[in-house]
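# Descriptive structure summary
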Amino acid sequence: MTVTDVLTPAIAPGAVPVLGHALAMKRAPREFLLALQDTDPVIGIRLGRQTVYVINDPALIRAALRDPETFGKGGPITERFRAMFGNGLGISDGEVHRRQRALMQPAFSHSRIVGYAARITEQARTRFGGWQDGVEVAVHQEMADLALTNLTKAMFATEGGVHVDADRFREATATVLNGLYRRVMDPTGLLARLPTQANRRFRDAEAHLRGVIDGVVAAYRAAPEDRGDLLSILVLARDGAATMSDQQVHDEVMTIFIAGAESIANTLAWACHEVATHPEVEARLCAEADRVLAGRAAEYIDLASLTYTKQVINETLRLRTQGWALSRTTTRKTTIGGYLIPANAAIMYSPHALNHNPALHRDPGVFNPDRWEVGVARAVPRGAYIPFGTGNHTCIGEPFALTEMTLTLASIAARWRLEPVPGHTPRPKVALTMPVDSLPMVPRRRFPAT
């Protein structure tokens, strides 16, 4: 490529003075970023005074994510996250990230996932066994409770004597996520410093989360032993003679809780909604559950047989994308796809926009689990579906999340049909993830509890 072949990215239309495109990003981020898919492979947007370069092409996104030496962790979204998560695995980069990932990898080994799955199965058996035929349940709340309980039990073994108030912890987590969204969408950084009730709630919720985490880390430090949970791995992990500092353990726990529980709960809630509103999908899901489970809760050994359940989860992850935008920062001047990007520039890409681009996914607005059959899925362009990222920052919790979501959805289908409440239409809330605003449903028993 010659110098004359290198292009300077254009600026997307619609910027307003001072704020640029910040209002569009705040009011309708998913729609705004999807519209950019019809522009150049790399295009600039203005967030206040900052120019952010949005990569729209899946091959270029994949190339950037697989080149962390050039496209490092950073940018307007990542930096707001860093204030909350410190230097946790989702934020760290370079040698620190490589070291932390190696130390944490044993927590997600096959044997550990099998152990976590047993707890997930028990929770599904208990929770869904307590539903009553014809009695309305708040499915979004049920999935939030369940996801947080499963993650709490995976993180803190019950035999460790650590008590976490799940309701308060979940409420604080939701408050922090909502506050993070407002902070990410504020290009000036001024709104977070105002003495508003919302900011006070955010600070109180953050203090609660940090206090809980500091307390359990201190308890584990006082009695260091392998309790068969995630926190034991973090506390006992060694790199030569060195262990993780308390602050590093704190950052990793905070990252796992905030990033894990909410996205799993949201995906499961939306999956319940999509299944209930697509009778043909529900029939096939229930038929698979009947064949594999015959009314019992799903166990780890069943995963290989729950192929259609996995397709439903994959399609929910596509249609109801949990990450609408993520960012990086260039460590040096570079080119990508023929576009010149300066050093220290903010890069943004949108998994949601990729998942809803008709050029990449046929009929993207249609819920169709069949698109994830083995032969069909191969036709999806590389990089067009990356629910857990790619490259060295691929989500370390992917096997845990997929195991939990598959076992949970199959366990519901084994016992229940969930009917939508007439007249209620669930809607996604504007947030960093895509939570459903509310999802009341009526369970109808298929099999008695076992």
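Note that the structure is a prediction, hence the values are computed from the model and not measured.

### Looking at the layout of surface pockets
- A volume near 390 Å³ is recorded for the largest pocket.
- In this structure, the largest pocket is lined by 18 residues; those nearest its centre are His140, Ala144, Arg170, Ala174 and Glu262.
- Mapped by element, the contributors of at least two residues to the lining of the largest pocket are helix H7 (139-155), helix H8 (166-184) and helix H11 (246-276).
- Across the lining of the largest pocket, the residue classes tally to nine nonpolar, five polar and four charged.
- In this structure, the second largest pocket spans a volume of roughly 330 Å³.
- Trp372, Ala377, Arg378, Val380 and Tyr385 are, among the 18 residues lining the second largest pocket, the residues nearest its centre.
- The leading source of residues in the lining of the second largest pocket is helix H13 (residues 307-319), at four residues.

### So, the packing of aromatic side chains
- Under the counting rule described, the total for this entry stands at four aromatic pairs.
- Aromatic pair Tyr116 and Phe400: ring centres 5.7 Å apart, planes at 70°, arrangement edge-to-face. Here Tyr116, found in helix H6 (residues 110-129), pairs with Phe400, found in helix H16 (residues 398-415); they are 284 residues apart in sequence, far enough to count as distant. Neither Tyr116 nor Phe400 differs from the other in exposure class; each is buried.
- Taking the centre distance of 6.0 Å and the plane angle of 55° together, the rings of Trp131 and Trp416 count as tilted. Placement of Trp131 in the loop between H6 and strand S4 (137-138) and of Trp416 in strand S11 (residues 416-420) is noted, with a sequence separation of 285 residues between them. For the pair shown, Trp131 and Trp416 are each scored as buried.
- Cation over ring: Arg227 sits above Tyr220, and NZ or CZ is 4.0 Å from the ring centre.
- One Lys or Arg, Arg320, reaches over the ring of Trp270 and ends 3.7 Å from the middle of that ring.

### Comments concerning empty space enclosed by the protein
- All chains considered together, the criterion is met by four cavities of 30 Å³ or more.
- Its boundaries defined by the atoms lining it, the second largest cavity holds a volume of some 100 Å³.
- As for the second largest cavity, its lining consists of Cys272, Val275, Ala276, Glu282, Leu285, Cys286, Leu409, Ile412, Ala413, Trp416, Arg417 and Leu418.
- Of all elements in the fold, only H11, helix H12 (279-292), H16 and S11 reach the threshold of two or more residues within the lining of the second largest cavity.
- Across the lining of the second largest cavity, the residue classes tally to 10 nonpolar, no polar and two charged.

### Observations concerning the UniProt feature "binding site: heme" (unreviewed entry) in the chain
- The UniProt feature table records "binding site: heme" (unreviewed entry) at Cys395.
- Relative to the helices and strands, Cys395 is located in the loop between helix H15 (374-377) and H16.
- According to the relative accessible area criterion, Cys395 is partly exposed, its value standing at 36%.
- Once residues lying within four places of it in the same chain are set aside, the contact partners of Cys395 are Arg101 and Phe388.

### So, the sheet that holds strand S3 (residues 71-73)
- Reading across from one edge, S1-S2-S10-S7-S3 is the order of the five strands in this open sheet, with mixed pairing throughout. The open sheet has two free edges, formed respectively by strand S1 (42-47) and S3, since each of these has just one partner strand. In this sheet, adjacent strand axes meet at a mean angle of 40° when their direction is disregarded.
- Relative to strand S7 (residues 326-330), S3 runs antiparallel, the two sharing three bridges. Following the sheet pairing, Lys73 is matched in S7 by Arg328.
- Lying over the sheet, helix H2 (residues 29-36) contacts S1, strand S2 (50-55) and strand S10 (346-349), oriented at roughly 145° with respect to S1.

### A few points about the nonpolar core
- Leu33, Leu231, Val253 and Phe400 are the most contacted members of the largest nonpolar core, which has 134 residues in total.
- For this core, the leading source of residues is H11, giving 16 residues.
- If we ignore the near neighbours within four places in the chain, the residues touching Val253 are Met155, Phe156, Ile213, Leu231 and Leu234.

### Here we look at the environment of Ala83
- With respect to the helices, strands and loops of the structure, Ala83 is situated in helix H4 (residues 76-85).
- A relative accessible area of 62% places Ala83 in the exposed class.
- As a C-alpha pair, Ala83 and Asn199 span 116 residues in sequence and 15 Å in three-dimensional space.

### What about the pairing of S2?
- A large share of S2 lies buried, amounting to five of its six residues.
- In the sheet, S1 pairs with S2 via six bridges, with the strands oriented antiparallel. Across the sheet, residue Ile45 finds its bridge partner in S2, namely Val52.
- Turn length for the S1-S2 hairpin, with the two strands adjacent in sequence and antiparallel, is two residues, and the turn residue Gly48 shows positive phi of about 65°.
- Where S2 meets S10, three bridges bridge the pair, whose relative direction is parallel. Bridged to Val52 within S10 is Ala346.

Quick notes on the rules
Residues numbered from 1 in each chain as written. Predicted model: local features only at pLDDT ≥ 70, side-chain atom pairs only at ≥ 80, totals over all residues. Heavy atoms only, no water. 1 Å grid on protein atoms, 1.4 Å probe; cavity = no way out; pocket = protein on both sides within 12 Å on 5 of 7 lines; lining within 4 Å. Points joined across faces, edges and corners; volume = space filled by probe spheres on them. Helix = DSSP H or I, 4+ residues; strand = E, 2+ residues; numbered from the N terminus. Nonpolar A, V, L, I, M, F, W, Y, C, P; charged D, E, K, R; others polar. Phe/Tyr/Trp six-rings, centres within 6.5 Å; stacked < 30°, edge-to-face > 60°. Buried < 20%, exposed > 50% of the residue type's maximum accessible area, 1.4 Å probe, protein only. Lys NZ or Arg CZ within 6 Å of the ring centre and 35° of its normal. UniProt positions renumbered as here; feature names shortened; annotations may be inferred. Contact = heavy atoms within 4.5 Å. Pairing = 2+ DSSP bridges. Axes fitted to C-alpha atoms, helices over the stretch in contact; angles between N-to-C directions. Core = buried A, V, L, I, M, F, W, Y, C linked by side-chain atoms within 4.5 Å.

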